[in-house]
Amino acid sequence: MKLAIILSVIAVASCARYTGPTNQAGVNLIKEFEGWYPNFYTDPVGIRTIGYGHACHVWDCSLPLNGRYTPPLTQAQGQELLKSDLSAAGRYEACVRSYATLSTLNANQYSALVSFAFNLGCGSLQTSTLLRLLNAGNVLGASAEFGKWINAGGQVLPGLVRRREAERVLFCSSGGCATGCAGSVAATSLTVRKEPNTSAAVVTSLSSGARVDIYSRTTGSTVNGNNHWFQLPNGYVSAYYITVTSSSHSWCAK
Ligand SMILES: *[C@@H]1O[C@H](CO)[C@@H](O)[C@H](O)[C@H]1NC(C)=O
């Protein structure tokens, strides 16, 4: 009896769906990518903004802000404003709480989704393939969707590429995306490409020793006699330059 009670407590502690607030890693991510502006400015897509991404097309920007703050804001006021924007009724934390229904949703996944919704709007999250896959229990598949949300005004914005990748890393940081196949970069640097082909567009570059989660293996152009390519969450790398460190699948061998 006692044992059963203890076991059920453990089960609840490790599996209960996280419902907020945004954790510190998530808040830090949002702050980093929104940037800090003590005064009003116009963001790259023409929206009047202040503080940590307090956008005037979403919030009433009449002064004082939230009935309290007058620019130039102190950083502490900016953080309070951000906290209230995340938690305000019907906004981003409520959005994630309402729509991300996976029973095992953890704090890092939740917080990455809050950053996503804060940046792209709740509607984008709500109707996304990312959310559909996540709620169906396909955490790995969901994580691969972050990298698709990188366009603004018909163009790829490097800032969005970096933000989505940071969100994906946070989303996956509790191990929910692990495939059982991982490796590290065995080269001074390694180019991640859009397709398994040395002539395909460059997505990003990894530094020596960087750890990678491998989703699958495919064949492509030949690199030093090896035509295997590993699919990473954000593109493909030649298997030749990867040292496989954890392999629970036969396809994981290079
Ligand atoms: C790689 O891309 C080049 C240029 O698009 C193409 O000619 C070649 O066939 C591709 N190689 C493979 C193995 O797909």
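Residues numbered from 1 in each chain as written. Predicted model: local features only at pLDDT ≥ 70, side-chain atom pairs only at ≥ 80, totals over all residues. Heavy atoms only, no water.

Under an unreviewed UniProt entry, the name given to the protein chain is SH3b domain-containing protein, and the source organism is Allacma fusca.

Caption draft 1: Geometry of the packing of helix α2 (residues 24-34) against helix α5 (residues 107-120). For the pair α2 and α5, the least separation of the axes is 8 Å and the interaxial angle reads 30 degrees. Our classification of the angle between α2 and α5 gives roughly parallel. The two elements α2 and α5 meet at a crossing, and its hand is right-handed. Within the contact between the two elements, α2 uses G26, L29, I30 and E34 and α5 uses S111, V114, S115, F118 and N119. (Axes fitted to C-alpha atoms, helices over the stretch in contact; angles between N-to-C directions. Helix = DSSP H or I, 4+ residues; strand = E, 2+ residues; numbered from the N terminus. Parallel < 35°, antiparallel > 145°, perpendicular 65-115°, else oblique. Left-handed = near helix turned anticlockwise from the far one by under 90°. Contact = heavy atoms within 4.5 Å.)

Caption draft 2: Here's a closer look at the sheet that holds strand β1 (residues 37-42). Across the sheet, three strands lie side by side as β1-β2-β3; this open sheet has antiparallel pairing. Looking at the sheet topology across the chains shown, the edges are occupied by β1 and β3 (54-55). The sheet contact formed by β1 and strand β2 (residues 48-51) spans three bridges and is antiparallel. Note on β2: the bridge partner recorded for T42 is R48. (Pairing = 2+ DSSP bridges.)

Caption draft 3: The arrangement of the packing of α2 against helix α9 (residues 158-172) in detail. It is the contact of α2 with α9, at a shortest axis distance of 11 Å, that shows an interaxial angle of 175 degrees. The pairing of α2 with α9 is recorded here as roughly antiparallel in orientation. Judged by residue contacts, A25, G26, L29, I30, F33 and E34 of α2 engage G159, R162, R163, A166, E167 and L170 from α9. Residues belonging to the contact of α2 with α9 are distributed by class as follows: six nonpolar, two polar and four charged. (Nonpolar A, V, L, I, M, F, W, Y, C, P; charged D, E, K, R; others polar.)

Caption draft 4: Inspection of the nonpolar core at higher detail. Counting residues in each nonpolar core, the largest one holds 32 residues, and the members touching the most others are V96, L113, L125, L134 and F171. The set of elements that each furnish at least two residues to this core consists of α2, α3 (75-87), α4 (92-99), α5, α7 (129-135), α8 (139-143) and α9. Ranked by residues supplied to this core, first place goes to α5 with seven residues. Leave out the neighbours within four places in its chain, and V96 touches L105, Y110, L113, V114 and L125. Counting residues in each nonpolar core, the second largest holds 15 residues, with C181, A187, L190 and L206 among its members. (Core = buried A, V, L, I, M, F, W, Y, C linked by side-chain atoms within 4.5 Å. Buried < 20%, exposed > 50% of the residue type's maximum accessible area, 1.4 Å probe, protein only.)

Caption draft 5: Fine view of the site of the ligand. Taken together, N197, S199, G220 and S221 make up the full set of residues adjacent to the ligand. Between N197 and the ligand, the recorded distance is 2.4 Å, taken from a side-chain N or O atom to an oxygen atom. Protein chains bury 28% of the 360 Å² of accessible surface belonging to the ligand in isolation. Class assignment for the residues of the shell around the ligand results in no nonpolar, four polar and no charged. (Near = heavy atom within 4 Å. Polar contact = N/O pair within 3.5 Å; in protein donor to acceptor, adjacent residues only side chain to side chain. Areas by Shrake-Rupley, 256 points an atom, 1.4 Å probe, with all protein chains shown as cover.)

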